[in-house]
Amino acid sequence: MNAFLTVIPIILIRYGLLSRVNKEALKRAGLFAPVIGREKIAYWVYQISTILILLYLLFLKIRADSEWFYIGLVIYSLGIILYGASIINYAKPKMSGINLNGLYQVSRNPMYIAYFLSLLGCVFLTQSMILLVLVICFQISAHWIILSEERWCIKEFGEEYLKYMDRVRRYI
């Protein structure tokens, strides 16, 4: 089975589910916070690694010939479930626009965690070291993107976001 099929649930959740729950949230999800300094490099690494991951998955096959398949299936499935839940939570922010409900009570970045788990699951499903390197580049660059988003959130939501940051971890 072609590994690119693992991308279809992510696309359906992001564009199908998000637009059904809240069309404004779909617009918000497409915006990137302003980046400065090293974040600019991270932004491009993030974009390029995303494209390379998607393209590389087109050429990979899911390998069901070892226990790695089952480990990958569990991790990938967990990532997809968390992604769906985080998208639903993202689509229903407070009136001020800040997300504090659902998974956002546990992590300030549940979508990024879900992406990482889904992609890590793909690494195990395909048993590809090249994909692992791409996912690591993606995740490191995502950290810098998160920093720019948090700076933007502090500017946008002020004290409310600072209190939220004190209560909730960036990652799980």
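What counts and what doesn't
- Residues numbered from 1 in each chain as written.
- Predicted model: local features only at pLDDT ≥ 70, side-chain atom pairs only at ≥ 80, totals over all residues.
- Heavy atoms only, no water.
- UniProt positions renumbered as here; feature names shortened; annotations may be inferred.
- Helix = DSSP H or I, 4+ residues; strand = E, 2+ residues; numbered from the N terminus.
- Axes fitted to C-alpha atoms, helices over the stretch in contact; angles between N-to-C directions.
- Parallel < 35°, antiparallel > 145°, perpendicular 65-115°, else oblique.
- Left-handed = near helix turned anticlockwise from the far one by under 90°.
- Nonpolar A, V, L, I, M, F, W, Y, C, P; charged D, E, K, R; others polar.
- Phe/Tyr/Trp six-rings, centres within 6.5 Å; stacked < 30°, edge-to-face > 60°.
- Buried < 20%, exposed > 50% of the residue type's maximum accessible area, 1.4 Å probe, protein only.

### With respect to the UniProt feature "transmembrane region" (unreviewed entry) in the protein
In this numbering, the UniProt entry assigns the feature "transmembrane region" (unreviewed entry) to residues 42-59, 68-91 and 111-138. From the first C-alpha to the last, residues 68-91 spans 34 Å; its make-up is 96% helix and 0% strand. Annotation note: span residues 111-138, helix share 93%, strand share 0%, distance between end C-alpha atoms 14 Å.

### Structural notes on the packing of helix α4 (residues 67-90) against helix α5 (residues 110-126)
The contact between α4 and α5 brings their axes to 7 Å, and the two run at 160°. Our classification of the angle between α4 and α5 gives roughly antiparallel. Judged by the sense of rotation from one axis to the other, the crossing of α4 with α5 is left-handed. Its residues placed into classes, the contact of α4 with α5 shows 21 nonpolar, five polar and no charged.

### Quick look at the packing of aromatic side chains
A ring pair, where both rings are aromatic, is described by two values, the distance of the centres and the angle of the planes. Using the criterion set out here, one finds 12 aromatic pairs in the structure. For the ring pair Trp68 and Phe124, a centre distance of 5.3 Å and an interplane angle of 15° mean the geometry is stacked. Taken together, the positions of Trp68 in helix α4 and Phe124 in helix α5 put the pair 56 residues apart, joining distant regions of the chain. By relative accessible area, which is 22% here, Phe124 ends up partly exposed. Consider the rings of Tyr115 and Phe138, whose centres lie 6.3 Å apart with planes at 80°: the pair is edge-to-face. With a gap of 23 residues between them, Tyr115 in helix α5 and Phe138 in helix α6 (residues 129-157) connect regions that are remote in the sequence. Here Tyr115 falls in the buried class, since its relative accessible area comes to 14%.

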